[in-house]
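Chain by chain, the residues run as shown.
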Amino acid sequence: MRYDLNLLPTFVALMEERSVTRAAERLGMTQPALSNALARLRTMLQDQLFIRERYGIQPTPVALELAPAIADALARLDDAVLGQQDFDPAHAERLFTIAPNGYVEFVLVPAIVARLAHVAPGIRLRLTPYGNDLSETGVISGTTAMVLGRIVDPPDNLVVQHLMDESLECVVRAGHPEVGQAITRDQFEHLRHVNVMPPGRIRAGVFQALAQQQLKRDVAISVTNFFAVAEMVAVTDYCTTLPRLICNRLRHDPRLKVLPAPVDLGQFPVEIAWHVRYRHDPAHRWLRSLIGDVVRQLAA
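Residues numbered from 1 in each chain as written. Predicted model: local features only at pLDDT ≥ 70, side-chain atom pairs only at ≥ 80, totals over all residues. Heavy atoms only, no water.

### Description of the layout of surface pockets
- Size it by volume and the largest pocket reaches roughly 420 Å³.
- Along its surface, the largest pocket is lined by 16 residues, and Ala67, Pro68, Ala71, Asp156 and Asn157 are the ones closest to its centre.
- Elements with a contribution of two residues or more to the lining of the largest pocket: α1 (8-17) and α4 (61-82).
- With 6 residues, the single largest contributor to the lining of the largest pocket is α4.
- Taken together, the residues of the lining of the largest pocket sort by class into 11 nonpolar, 1 polar and 4 charged. (1 Å grid on protein atoms, 1.4 Å probe; cavity = no way out; pocket = protein on both sides within 12 Å on 5 of 7 lines; lining within 4 Å. Points joined across faces, edges and corners; volume = space filled by probe spheres on them. Helix = DSSP H or I, 4+ residues; strand = E, 2+ residues; numbered from the N terminus. Nonpolar A, V, L, I, M, F, W, Y, C, P; charged D, E, K, R; others polar.)

### Some words on the nonpolar core
- Core analysis: the largest hydrophobic core is formed by 61 residues, its most contacted members being Tyr103, Met146, Leu242 and Ile291.
- Looking at this core element by element, the count peaks at 6 residues for helix α11 (residues 282-299).
- The residues contacting Ile291, other than those within four sequence positions of it, are Ile112, Met146, Leu148, Leu163 and Ile272.
- One finds Phe11, Val12, Met15 and Leu41 within the second-largest nonpolar core, a separate group that totals 21 residues. (Core = buried A, V, L, I, M, F, W, Y, C linked by side-chain atoms within 4.5 Å. Buried < 20%, exposed > 50% of the residue type's maximum accessible area, 1.4 Å probe, protein only. Contact = heavy atoms within 4.5 Å.)

### Considering the packing of helix α2 (residues 20-27) against helix α3 (residues 31-45)
- Taken N-terminus to C-terminus, the directions of α2 and α3 make an angle of 100°; their axes are 9 Å apart at the nearest point. Overall, the two elements α2 and α3 adopt an arrangement that is roughly perpendicular. In this structure, α2 contributes Val20, Thr21, Ala23, Ala24 and Leu27 to the contact, and α3 contributes Gln31, Leu34 and Ser35.
- Here the residues of the contact of α2 with α3 sort into 5 nonpolar, 3 polar and no charged. (Axes fitted to C-alpha atoms, helices over the stretch in contact; angles between N-to-C directions. Parallel < 35°, antiparallel > 145°, perpendicular 65-115°, else oblique.)

### A look at the environment of Asp281
- In this fold, Asp281 is placed in the loop between β12 (268-275) and α11.
- Along the primary structure Asp281 and Ile140 are separated by 141 residues, whereas in three dimensions their C-alpha atoms are 16 Å apart.

### Points about the sheet that holds strand β5 (residues 146-149)
- Taken together, 5 strands build an open sheet; the order of strands is β4-β3-β5-β12-β6 and the sheet is mixed. Both outer strands of the open sheet, β4 (123-127) and β6 (158-166), are each paired with one neighbouring strand and no more. This sheet shows a mean twist of 25° between the axes of neighbouring strands, independent of strand direction.
- In this sheet, β12 lies alongside β6 in antiparallel orientation, the contact comprising 8 bridges. In the strand pairing of β12, Met164 is matched with Val270. (Pairing = 2+ DSSP bridges.)

### Section: the packing of aromatic side chains
- All told, the structure shown has 5 aromatic pairs when counted by the stated rule.
- With 5.7 Å between their ring centres and 55° between their planes, Phe87 and Trp286 make a pair best called tilted. Of this pair, Phe87 sits in the loop between α4 and β3 (94-100) while Trp286 sits in helix α11, and the two are 199 residues apart along the sequence.
- Taking the relative accessible area as the measure of exposure, Phe87 reaches 22% and is therefore partly exposed.
- When its relative accessible area of 21% is taken as the criterion, Trp286 is described as partly exposed.
- An aromatic cluster of at least three residues, connected via ring pairs, comprises Phe106, Phe226 and Phe227. (Phe/Tyr/Trp six-rings, centres within 6.5 Å; stacked < 30°, edge-to-face > 60°.)

### A closer look at the sheet that holds strand β8 (residues 192-196)
- Spatial strand order, β9-β8-β10-β7-β11: 5 strands in an open sheet with mixed pairing. Of all the strands in the sheet, just β9 (218-223) and β11 (256-260) have a single pairing partner and so form its edges. The mean angle between the axes of side-by-side strands here comes to 35°, regardless of whether they run parallel or antiparallel.
- Taken together, the 5 bridges between strand β7 (residues 168-173) and β11 define a ladder with antiparallel strand orientation. Bridging from a neighbouring strand, Arg173 pairs with Leu256 of β11.

Below you can see the structure in the form of structure tokens.
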């Protein structure tokens, strides 16, 4: 064969990481070994491929032109090999790294873990935060199996699947002196609010929904996760606006009452995304299917 196929994963790692150091770590190589592989790549493809800059490396026009074809060729090879492998979830031993946003970690992950414990006890999960930048999760390079939440502007090497749509409701304490079995627009705007600012794009959905309805909110305190908000509301006369599935959990708390929002705040999507190289990985496909089943059950 004219080309050394072992060099192509090096090319893809350099293209996606834009850093020799990070590419070497990803491939389990030393930096000198990766530099040697890059030199052979340059000879093989007859181009400089990557230019060193102050904060990493940048691909040349030739590298940018070659990148989609090389990534697709490696993905097809993965598909062909992995598609022939059997996967038995009941006896499999495997670790998946996933990146859920704050909403998914609170609502979906416990149900996913419970299902795995029942049907695939050897499958383990490691969670990594999903902030505003997809590249920080590792999913773009494929080191993280999947991200779950709201996926905005995904790159071409990610497959995105819609899981469900979520709506928003309001929560106040059960003995609130001003709010009965419904909350009016005027009450909403005059109450003080607990605002949830989790990492990820869900906060854009809440803020956009309020802005579209021109609904004002006097924020008394902002917290970073959903675990804190119920305790804040239970001991104050504050109000909060939360996704429906989180409110479903809070309905069982006698200290709280869940009410429809005073206006229709619309819906926001919950999605899952993964690297194209995992399209036909049997274990990955099985886990995606399990997550889809869990989501459908909870949404119902």
